[in-house]
Amino acid sequence: LNMIGGHYQMILFVAFHIASHPAQLLLDKAKKNSTAKNCTWQPLEKMHLTLNYMGDTSAIQLEEIKNTLNKKLKSTQKLTVKITHMDLLTQNTLVAFCENTVALHQLQQDIKVALNPFHQTRDKHAFIPHITLAKAYTSVHNSCYQNHETTINLVRICLLESLQDQSSYREHLRIELL
């Protein structure tokens, strides 16, 4: 937790949990086609599809955020997404991108609107849902684009807090979808 303006700050984000079988398939494919000289692969149990990044958020708002998400998402249906490709999101983060379906886009927008009162950061560009596969990924290429056809069922959505080192997180809320 960071202290800003007398309040503890948390880095929060909303994400879908990814079951171990599809997560393993994704990691296996990424490792098989890896051009990395060096990297830290995401642990299987930490695999998630980040849907909304909130950034620094006041810890005193946590309960209100959880209540807001619970109300917003309690009747949300399960989703299925298709992974379209893997590439570098930033210079050294390997991610998998998914098809931006109408249902996924609508859910992302609904969450964004619901959480708008709590947002500290204003995105300069649209946030793209993604699954982090590896960090500190130093590639021999500037890109490591790969086509990837994998379908993933999304059945659980979580409110997660990124911890100091940003390599681990704490779960604050879990909602099983209908």
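What you are looking at is a predicted structure, and each value in this text was computed from that prediction instead of being measured.

S.K.: Can you walk me through the overall build of the chain in this structure?
M.R.: Helix and strand counts for the chain stand at 3 helices and 10 strands. Secondary structure elements of the chain occur, N-terminal to C-terminal, as β-β-α-β-β-α-β-β-α-β-β-β-β. Contacts in the chain between residues at least 24 apart in sequence constitute 79% of all its contacts with a sequence separation of at least 6. When the accessible surface of the chain is summed, it comes to about 9600 Å², and 50% of that surface belongs to carbon and sulfur atoms.

S.K.: Just to check I follow, could you spell out the packing of aromatic side chains for this structure?
M.R.: Within a pair of aromatic rings, the relevant descriptors are the distance that separates the centres and the angle that separates the planes. The tally for this structure, following the rule as stated, stands at 2 aromatic pairs. Here phenylalanine 13 and tyrosine 169 contribute two aromatic rings whose centre-to-centre distance is 6.2 Å and whose plane-to-plane angle is 80°, an arrangement assigned as edge-to-face. Residue phenylalanine 13 is found in strand E2 (residues 7-17), and its partner tyrosine 169 is found in strand E10 (residues 169-176); the two are separated by 156 residues along the sequence. Ring geometry for tryptophan 41 and tyrosine 137: centres 6.3 Å apart, planes at 85°, overall edge-to-face.

S.K.: What exactly am I supposed to notice about the pattern of salt bridges here?
M.R.: Should their charged atoms come close, side chains of opposite charge can pair. Counted by the stated rule, this structure contains 4 salt bridges. Here arginine 174 ties to glutamate 171 by a salt bridge, and the two come within 2.8 Å at their closest N and O atoms. You can call arginine 174 partly exposed: its relative accessible area is 46%. Accessibility expressed as a relative area gives 36% for glutamate 171, which makes it partly exposed.

S.K.: Got a minute to help me understand the nonpolar core in this structure?
M.R.: Where a protein is soluble and globular, its nonpolar side chains tend to be buried together. Ranked by size, the top nonpolar core spans 42 residues in total, and within it Phe16, Leu26, Leu69, Ile111, Ile131, Leu133 and Ile157 carry the most contacts. A per-element tally of this core places strand E5 (residues 79-90) first, with 5 residues. Contacts of leucine 133, omitting those with residues within four sequence positions, involve Leu26, Leu27, Ala30, Thr40, Trp41, Gln42, Met47, Met86, Leu94, Val95 and Ala96. Grouped together as the second largest cluster of nonpolar side chains are 5 residues, Phe13, Ala15, Cys158 and Tyr169 included.

S.K.: I keep staring at unusual backbone geometry and nothing clicks. Help me out?
M.R.: A negative phi holds for most residues other than glycine; trans holds for most peptide bonds. A positive phi is found at alanine 136, a non-glycine position, where the angle reads about 50°. By secondary structure assignment, the location of alanine 136 is in strand E7 (residues 130-139). The exposure class of alanine 136 is partly exposed, given its relative accessible area of 38%.

S.K.: Any chance you could explain the side chain of glutamine 42 here in plain terms?
M.R.: Among the structural elements, glutamine 42 can be located in the loop between strand E3 (36-41) and strand E4 (48-58). Of the polar contacts made by the side chain of glutamine 42, one reaches the backbone oxygen of lysine 46; its length is 3.4 Å. What glutamine 42 contacts, discounting residues up to four positions off in sequence, is Leu27, Met47, His48, Thr132, Leu133 and Ala134.

S.K.: Whenever I open this one, the environment of alanine 19 confuses me. Can you help?
M.R.: Structurally, the position occupied by alanine 19 is in the loop between E2 and helix H1 (20-32). Judged by relative accessible area, which is 36%, alanine 19 ranks as partly exposed. Sequence separation between alanine 19 and methionine 47 is 28 residues, and the spatial gap between their C-alpha atoms is 8.1 Å.

S.K.: Can you help me understand the packing of helix H2 (residues 62-73) against helix H3 (residues 102-115) in this one?
M.R.: Helices that pack against each other are described as a pair by the angle of their axes relative to one another and the distance between those axes. Axis separation between H2 and H3 bottoms out at 10 Å; the angle between their running directions is 145°. For the pair H2 and H3, the crossing hand works out as right-handed. Contact residues: Ile65, Thr68, Leu69, Lys72 and Leu73 in H2; Leu107, Asp110, Ile111, Ala114 and Leu115 in H3.

Here is what the cut-offs are and how they apply
- Residues numbered from 1 in each chain as written.
- Predicted model: local features only at pLDDT ≥ 70, side-chain atom pairs only at ≥ 80, totals over all residues.
- Heavy atoms only, no water.
- Helix = DSSP H or I, 4+ residues; strand = E, 2+ residues; numbered from the N terminus.
- Contact = heavy atoms within 4.5 Å.
- Areas by Shrake-Rupley, 256 points an atom, 1.4 Å probe, with all protein chains shown as cover.
- Phe/Tyr/Trp six-rings, centres within 6.5 Å; stacked < 30°, edge-to-face > 60°.
- Salt bridge = Lys/Arg side-chain N within 4 Å of Asp/Glu carboxyl O.
- Buried < 20%, exposed > 50% of the residue type's maximum accessible area, 1.4 Å probe, protein only.
- Core = buried A, V, L, I, M, F, W, Y, C linked by side-chain atoms within 4.5 Å.
- Polar contact = N/O pair within 3.5 Å; in protein donor to acceptor, adjacent residues only side chain to side chain.
- Axes fitted to C-alpha atoms, helices over the stretch in contact; angles between N-to-C directions.
- Left-handed = near helix turned anticlockwise from the far one by under 90°.

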